[in-house]
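# Residue-level structural notes
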Amino acid sequence: MKKEIEWGKLGFGYIKTDKRYVSNYSNGAWDNGTLTDDDKITMSEDACVLHYSQSCFEGLKAYTTEDGKIVCFRPDLNAARMHDTALRLEMPPFPKDRFVDAVKQVVKANEDWVPPYGTGATLYIRPLMFGINEVIGVKPADDYQFRIFTTPVGPYFKGGAKPIKVKVSDFDRAAPHGTGNVKAGLNYAMSLHAIVTAHKEGFAENIYLDPATRTKIEETGGANIIFVENDKKLVIPKSDSILPSITRRSIVYVAQNYLGMEVEEREVLLAEIDNFKECGLCGTAAVISPVGSVNDHGKEFTFSNGMEKMGPVLTKLYETLTGIQMGRIEAPEGWIVEIK
Ligand SMILES: *Cc1c(COP(=O)(O)O)cnc(C)c1O
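Our subject in this report is the structure included herewith. None of the values given here were measured: they were computed from a predicted structure.

### Describing the packing of aromatic side chains
- Within this structure, the stated rule accounts for 16 aromatic pairs.
- For the pair W30 and F146, a centre-to-centre distance of 6.4 Å together with 80 degrees between the ring planes defines the contact as edge-to-face. You can see W30 sitting in strand β2 (residues 29–30) and its partner F146 sitting in strand β8 (residues 144–153), a full 116 residues away along the chain.
- The exposure class assigned to W30 is buried, which follows from its relative accessible area of 14%.
- Overall, the relative accessible area of 0% leaves F146 in the buried class.
- Taken together, a centroid distance of 5.0 Å and an interplanar angle of 85 degrees make the contact between F301 and F303 edge-to-face.

Here you go:
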């Protein structure tokens, strides 16, 4: 029985669902893992994660397709990314095949929480991993916990996607050769002051520049940036410190293979922003969120599409990708993983 929830009115918040998956690592090996009701974690006051932030996470969604199947989108890429993140943070990677299997188990166990097709709501899936044993001298933990919980979330845009105002941040997100390209919790810790500051000033998001020269566009705190040069061409900022968004990589594929567009992945200067017609932020939560204007220290640039609605090229990309996700358009091999 589906839970009695007004799915369309849900926001993006945590609601405790029935089951979560937990696997623990100690003595050099991951245990078999299990589903549990217990949403609480007990650890030492000296747990590594509490002091040295040895933690990482992932985010993906399960949802109901037009023909009533419960599926998720490209979980193998989340497994691979978390594997890469773990190596960068000196954590033992959770095996990729077990990651996908655990996602399936936990979604199946929370089937009643998967929103029905057409509501715009989804079941957000949050895998996380952290160092759990006592560590006082700085070094990686010996013991870890891998966990996946789920929470139902509402449609990202209620009543259409309105373009947002963003600002060029004075803070940096990720140092050259740092951890910007992995999904580490620490990348978010240091973005909190920047986002609170941006919100106080009336902006929805921060655009971070490359810290070395402060001339090139990287990404926002939690989404990659894409630019539309014209209806035949996308431009994607390229840098070693951008997190490889699965949504962005999927959009690139859709642009090239479904819409016949050219995609250029290269360094993008802030100074060339007025060459672009549309701009979008991409990530699992919103898929594409349109940017209406960019404020660089008082100098405001508004994309030609204005502040009313998403531009035509981003709309086409958005509709094609969400059509693939929801089963209305045929998906490339392996993109849609059926859970039930
Ligand atoms: C998670 C994340 C994204 C979006 O990645 P998706 O795989 O598309 O959800 C973009 N930027 C940062 C910094 C992120 O942490």
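### A word on the site of the ligand
- The environment of the ligand is made up of 15 residues, and the closest members are K183, Y188, S245, T247 and T284.
- Contact distances for the ligand include 2.6 Å between an oxygen atom and a side-chain N or O atom of S245.
- For the ligand, whose unbound accessible area comes to 390 Å², protein coverage reaches 96%.

### Details of helix α6 (residues 246–257)
- Taking 1.5 Å as the rise per residue, α6 with twelve residues should run 16 Å; its terminal C-alpha atoms sit 16 Å apart, in good agreement.
- Taken as a whole, α6 has its buried residues at I246, T247, R248, S250, I251, V252, V254 and A255.
- With a side-chain oxygen lying 3.2 Å from the backbone nitrogen of T247, the N-terminal cap of α6 falls on S245.

### Structural notes on the side chain of N224
- Within the secondary structure, N224 sits in strand β11 (residues 224–230).
- For N224, a relative accessible area of 3% puts it in the buried group.
- Of the polar contacts made by the side chain of N224, one reaches the side chain of E219; its length is 2.7 Å.
- A polar atom in the side chain of N224 sits 3.0 Å from the backbone oxygen of L243.
- Setting aside chain neighbours within four positions, we find N224 in contact with E219, I242, L243, P244, S245, R248, G280, L281 and C282.

### Some thoughts on the pairing of strand β15 (residues 287–296)
- Summarising burial for β15: nine of the ten residues are buried, a large majority.
- Bridge count for strand β9 (residues 164–168) against β15 is four bridges, and the pairing is parallel. In the strand pairing of β15, I164 is matched with V291.
- Taken together, the four bridges between strand β14 (residues 278–283) and β15 define a ladder with antiparallel strand orientation. Directly across from L281, in β15, lies its bridge partner S289.
- In textbook terms, the turn of a hairpin is the stretch between consecutive antiparallel strands, and for β14 and β15 this stretch comprises three residues.

### Regarding the environment of N257
- Along the chain, N257 turns up in helix α6.
- Between the C-alpha atom of N257 and that of P332, which follows or precedes it by 75 residues, the distance is 9.7 Å.

### Points about the pattern of salt bridges
- Scanning all chains against the criterion turns up 19 salt bridges.
- The shortest N-O distance in the salt bridge between K165 and E300 comes to 3.7 Å. Taken together, the residues span a long stretch of sequence, with K165 in strand β9 and E300 in strand β16 (residues 299–302) at a distance of 135 residues.
- Of the residues examined, E300 reaches a relative accessible area of 39% and is grouped as partly exposed.
- Through salt bridges with shared partners, a single ionic network connects E229, K233, E264, R266 and E272.

What counts, and at which threshold
- Residues numbered from 1 in each chain as written.
- Predicted model: local features only at pLDDT ≥ 70, side-chain atom pairs only at ≥ 80, totals over all residues.
- Heavy atoms only, no water.
- Phe/Tyr/Trp six-rings, centres within 6.5 Å; stacked < 30°, edge-to-face > 60°.
- Helix = DSSP H or I, 4+ residues; strand = E, 2+ residues; numbered from the N terminus.
- Buried < 20%, exposed > 50% of the residue type's maximum accessible area, 1.4 Å probe, protein only.
- Near = heavy atom within 4 Å.
- Polar contact = N/O pair within 3.5 Å; in protein donor to acceptor, adjacent residues only side chain to side chain.
- Areas by Shrake-Rupley, 256 points an atom, 1.4 Å probe, with all protein chains shown as cover.
- Expected span 1.5 Å × (residues − 1).
- Contact = heavy atoms within 4.5 Å.
- Pairing = 2+ DSSP bridges.
- Salt bridge = Lys/Arg side-chain N within 4 Å of Asp/Glu carboxyl O.

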